[in-house]
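# Inside the fold
Letter by letter, the chains look like this.
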Amino acid sequence: MTLTAERRDTASDAPPADAAPRRPWRNRLSRFDQNASPYFYISPFFLLFGLVGLFPLLYTVWVAVHEWDLLKGQGEFVGTGNFVEILGDPMFWNSIGNTLSIFLLSAIPQLAVALVIAYLLDRGLRAPTFWRMSVLIPFVVTPVAVAIIFSSIFNEADGLANNLLNLVGIADQEWKHNTALSHLAIAVMVNFRWTGYNALILLAAMQAVPRDLYESAALDGAGPARRFFSITIPTIRPTLIFVIITATIGGLQIFAEPRLFDVSTAGGIGGSDRQFQTTVLFLWELAFFRRDLGEASAVAILLFLLIVGIGVINFLISRRISTGDAPKSRAARRRARTTTASSTITTEEDAR
């Protein structure tokens, strides 16, 4: 009885089971520090981004809905008037067409060649550091120097390109006056500078692929091409998507190469007949030649939307290609359904 009474007294003195124990203020401070520290560590990036990235973007929208002279400053509110003017300007659509043409001529060969170079560097060449540094040298050269060098190479009078064509019996080409040839020449400049940079990024991703996968595939009889498309490409998918998106952003914002490709034209606005004037060059002309910052800001917003749209399309296409999620044909789907149905019937008969 005495033991029973003591147990009851002890149980009555104990705190309720549902009452949470009080933590000392040091424990609470330590828990707050543990939860909040990561946010404080990354806050400088977001503060800097808000200062030099987000604020200029929002301010560009504000300028785009006003009449804004470069020297006089802010004018009256016009709403979507600047966008209507730009969308009705044939020069804007000409710059969009030139930008997309140069982008396709540069981005597709650039990524294809970068993949091949990365694959060759990943095969264990002799003096790998020398070759890696060699492919990166064009990226180290400043865009202005690259533009001046290639402008001289594609000079219509005595350039190296026409001299080489003359050796095989081809007449001189109008590299700076013909629309298609000028786009090709500028694309060569872009590819020269960025192919090695993208190749090193892809090489870093390829070197992270487990070698056991290649050895197993080789034992199963897979050749180099099959291993490349079945193992390498799907494995480096995130890096490949990153390279495609960055190439898209850079290709649609091209400025230095067309600006300096033909400096003989007045103002350097993209050729004598605007045959290689890109959208950023058109924006630059609006802002600093016509002094219309309102329409220039509208062009910047439209270009931003174009980059986002093409970037999303590239992301979806590259993801489907790299994962093999391409839509199957009707015959393939029919065969798959027939195989599934046959296996189900066989399983039921075995169970019976």
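Overview of the structure.

Definitions and cut-offs
- Residues numbered from 1 in each chain as written.
- Predicted model: local features only at pLDDT ≥ 70, side-chain atom pairs only at ≥ 80, totals over all residues.
- Heavy atoms only, no water.
- Helix = DSSP H or I, 4+ residues; strand = E, 2+ residues; numbered from the N terminus.
- Buried < 20%, exposed > 50% of the residue type's maximum accessible area, 1.4 Å probe, protein only.
- Contact = heavy atoms within 4.5 Å.
- Phe/Tyr/Trp six-rings, centres within 6.5 Å; stacked < 30°, edge-to-face > 60°.
- Lys NZ or Arg CZ within 6 Å of the ring centre and 35° of its normal.
- Salt bridge = Lys/Arg side-chain N within 4 Å of Asp/Glu carboxyl O.
- Core = buried A, V, L, I, M, F, W, Y, C linked by side-chain atoms within 4.5 Å.
- Pairing = 2+ DSSP bridges.
- Lys, Arg positive; Asp, Glu negative; His and termini not counted.
- Expected span 1.5 Å × (residues − 1).
- Arc of directions from axis to C-beta.
- Polar contact = N/O pair within 3.5 Å; in protein donor to acceptor, adjacent residues only side chain to side chain.

The next subject is the overall build of the protein chain. Of regular secondary structure, the protein chain possesses 15 helices and two strands. A buried classification covers 33% of the 352 residues belonging to the protein chain. Across the protein chain, every contact between residues at least 6 apart in sequence was considered, and the portion connecting residues at least 24 apart equals 67%.

We now examine the environment of glutamate 257. Within the secondary structure, glutamate 257 sits in helix 12 (residues 256-261). With relative accessibility at 7%, the residue glutamate 257 sits in the buried group. Between the alpha carbons of glutamate 257 and alanine 147 there is a distance of 5.3 Å; along the sequence they are 110 residues apart. Those residues within four positions of glutamate 257 in sequence are excluded, and the remaining contacts are Ala147, Ile186, Met189 and Val190.

This model, assessed by the stated rule, comprises 18 aromatic pairs. Taken together, a centroid distance of 6.0 Å and an interplanar angle of 70° make the contact between phenylalanine 255 and tryptophan 284 edge-to-face. Here the residue phenylalanine 255 occupies a position in the loop between helix 11 (237-252) and helix 12, and tryptophan 284 occupies one in helix 13 (residues 279-288), the gap between them amounting to 29 residues. A residue is classified by how much of its surface remains accessible, and phenylalanine 255, at 29% relative accessible area, is partly exposed. In this structure an aromatic cluster arises from ring pairing among Phe150, Phe154, Trp175 and Phe192. The ring of tyrosine 214 carries arginine 123 above its face, with NZ or CZ at 5.4 Å from the centroid. Above the plane of the ring of phenylalanine 261 lies lysine 176, whose end atom (NZ or CZ) is 5.6 Å from the centre.

Our next topic: the pattern of salt bridges. Here the structure, examined in full by the defined rule, presents four salt bridges. With a shortest N-O distance of 2.9 Å, arginine 211 and aspartate 122 are connected by a salt bridge. Here arginine 211 is found in helix 9 (residues 211-219), whereas its partner aspartate 122 is found in the loop between helix 4 (90-121) and helix 5 (128-140), with 89 residues between them in sequence. A relative accessible area of 33% places arginine 211 in the partly exposed class.

Glancing now at the nonpolar core. Formed by 23 residues in total, the largest nonpolar core has its most connected members in Leu115, Leu202, Met206, Phe228, Ile236 and Leu240. For this core, the elements supplying multiple residues, two or more each, are helix 4, helix 8 (179-206), helix 9, helix 10 (224-235) and helix 11. The dominant element in this core, judged by the number of residues it contributes, is helix 4, at six residues. Those residues in contact with isoleucine 236 that sit more than four places away from it in its chain are Leu115, Leu202, Ala205, Met206 and Val209. In terms of nonpolar packing, the next biggest core, distinct from the first, is built from 16 residues, Val146, Trp175, Ala185 and Ile186 among them.

Here strand 1 (residues 66-69) runs beside strand 2 (residues 73-77); their pairing, made up of three bridges, is antiparallel. The partner of histidine 66 across the bridge, within strand 2, is phenylalanine 77.

Right, let's get into helix 13. Where burial is concerned, most of helix 13 is hidden: eight out of the 10 residues are buried. Three or more residues of helix 13 are buried, namely Thr279, Val280, Leu281, Phe282, Trp284, Glu285, Leu286 and Ala287.

Mapped onto the fold, aspartate 262 is located in the loop between helix 12 and helix 13. Although aspartate 262 lies buried, it forms no salt bridge, and the closest oppositely charged side chain, lysine 176, sits 4.4 Å away as judged by the N-O distance. Those residues in contact with aspartate 262 that lie beyond four places of it in its chain are Lys176 and Phe276.

Over its 16 residues, helix 11 runs 23 Å from end to end, which matches the ideal 22 Å to within 8%, given 1.5 Å per residue. Burial in helix 11 covers these residues: Leu240, Ile241, Val243, Ile244, Ala247, Thr248, Gly251 and Leu252. On an axial view of helix 11, the arc spanned by its buried residues comes to 160°, and they lie on one face.

Another aspect to go through is the side chain of histidine 66. Mapped onto the secondary structure, histidine 66 falls in strand 1. On the basis of relative accessible area, histidine 66 is assigned to the buried category, the value being 4%. A polar contact of 2.7 Å, which involves the side chain of histidine 66, links it to the backbone oxygen of tryptophan 62. Residue contacts for histidine 66: discarding those within four places in its chain leaves Gln74, Gly75, Glu76, Phe77, Val78, Asn82 and Gly294.

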